Amino acid sequence: KAKVSRSSAMDIVISCTGRRSLWAELPEVIDSGILRTISPETKKLQEAMFEVISSEASYLKSLNILISHFVQSCQFSGDTSVLNKRDQRILFSEVISVRACSERFLADLESRWQESVVLSDINDIIMTHARTNFHVYVKYCSNQVYQDRYTISPMIGQYSYHYHLSMDRTLKRL
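Structural notes, computed from the coordinates. (Residues numbered from 1 in each chain as written. Predicted model: local features only at pLDDT ≥ 70, side-chain atom pairs only at ≥ 80, totals over all residues. Heavy atoms only, no water.)

### Some points on the overall build of the chain
Reasoning step 1: Along the backbone of the chain there are 11 helices and zero strands.
Reasoning step 2: When the elements of the chain are put in sequence order from the N terminus, they spell out α-α-α-α-α-α-α-α-α-α-α.
Reasoning step 3: Relative to its 174 residues, the chain shows a buried fraction of 41%.
Reasoning step 4: Intrachain contacts of the chain at a sequence separation of at least 6 include 72% that bridge at least 24 residues.
Reasoning step 5: Summed over all atoms, the accessible surface of the chain reaches about 10600 Å², with 56% contributed by carbon and sulfur. (Helix = DSSP H or I, 4+ residues; strand = E, 2+ residues; numbered from the N terminus. Buried < 20%, exposed > 50% of the residue type's maximum accessible area, 1.4 Å probe, protein only. Contact = heavy atoms within 4.5 Å. Areas by Shrake-Rupley, 256 points an atom, 1.4 Å probe, with all protein chains shown as cover.)

### Brief notes about unusual backbone geometry
Reasoning step 1: Despite not being glycine, glutamate 94 shows a phi value in the positive range, around 65°.
Reasoning step 2: Mapping glutamate 94 onto the fold places it in the loop between α4 (85-92) and α5 (95-115).
Reasoning step 3: Given the relative accessible area of 23%, glutamate 94 is considered partly exposed.

### Some points on the nonpolar core
Reasoning step 1: If you look at the biggest cluster of nonpolar residues, it comprises 22 residues, and the most contacted ones within it are Trp23, Val29, Phe50, Ile53, Leu106 and Trp113.
Reasoning step 2: With five residues, the top contributor of residues to this core is helix α3 (residues 40-71).
Reasoning step 3: In this structure, leucine 106 is in contact with Ala9, Met10, Ile53, Glu56, Ala57 and Leu60, ignoring residues within four places of it in sequence. (Core = buried A, V, L, I, M, F, W, Y, C linked by side-chain atoms within 4.5 Å.)

### A few points about the packing of aromatic side chains
Reasoning step 1: Going through the model one piece at a time under the given rule, you end up with four aromatic pairs.
Reasoning step 2: A centroid spacing of 6.5 Å and a plane angle of 40° characterise the contact between tyrosine 59 and tyrosine 137, whose relative ring orientation is tilted. Of the two residues, tyrosine 59 is situated in helix α3 and tyrosine 137 in helix α7 (residues 135-142); the sequence distance between them amounts to 78 residues.
Reasoning step 3: In this structure tyrosine 59 comes out as partly exposed when scored by relative accessible area, which is 29%.
Reasoning step 4: Looking at tyrosine 137, the relative accessible area reads 18%, which means it is buried.
Reasoning step 5: Their ring planes at 75° and their centres at 5.6 Å tell us that phenylalanine 134 and tyrosine 137 sit as a pair that is edge-to-face. (Phe/Tyr/Trp six-rings, centres within 6.5 Å; stacked < 30°, edge-to-face > 60°.)

Written as structure tokens, this is what we have:
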């Protein structure tokens, strides 16, 4: 039997206009006819597991935008940055590692989603990643207090970057 390819979680999140899809609203789920045969409790469980997948995809999408628009921007990184190296470290500390962790986590969740329109338990994936990969979040979050204290608004006004940010369509969709 050939394996059916389902919409990827990233495709579902990226194609969404304002809100994420519910599991029961996905064409794959509707077309399968499974909604006529499962209990309300099973549907709730499916929605909850799919929420984990779609939330991680949304988070990864935001990380990708953070990196492409800020971390890799010459206005905020590198020799021509409005930020000095210390400020760059404070603002963007560990974000590349966090994205790599998110990519691994989503890949495993995505693999489970591709197995069947009815998700099997994802607790094993969450537990494995919590034990082996989520340590990067501890380091990332420990720097949050410094990021919260830091503000770049005076520099943004000085270099008129605020206008660019307010007009950027990608950032408006976050």
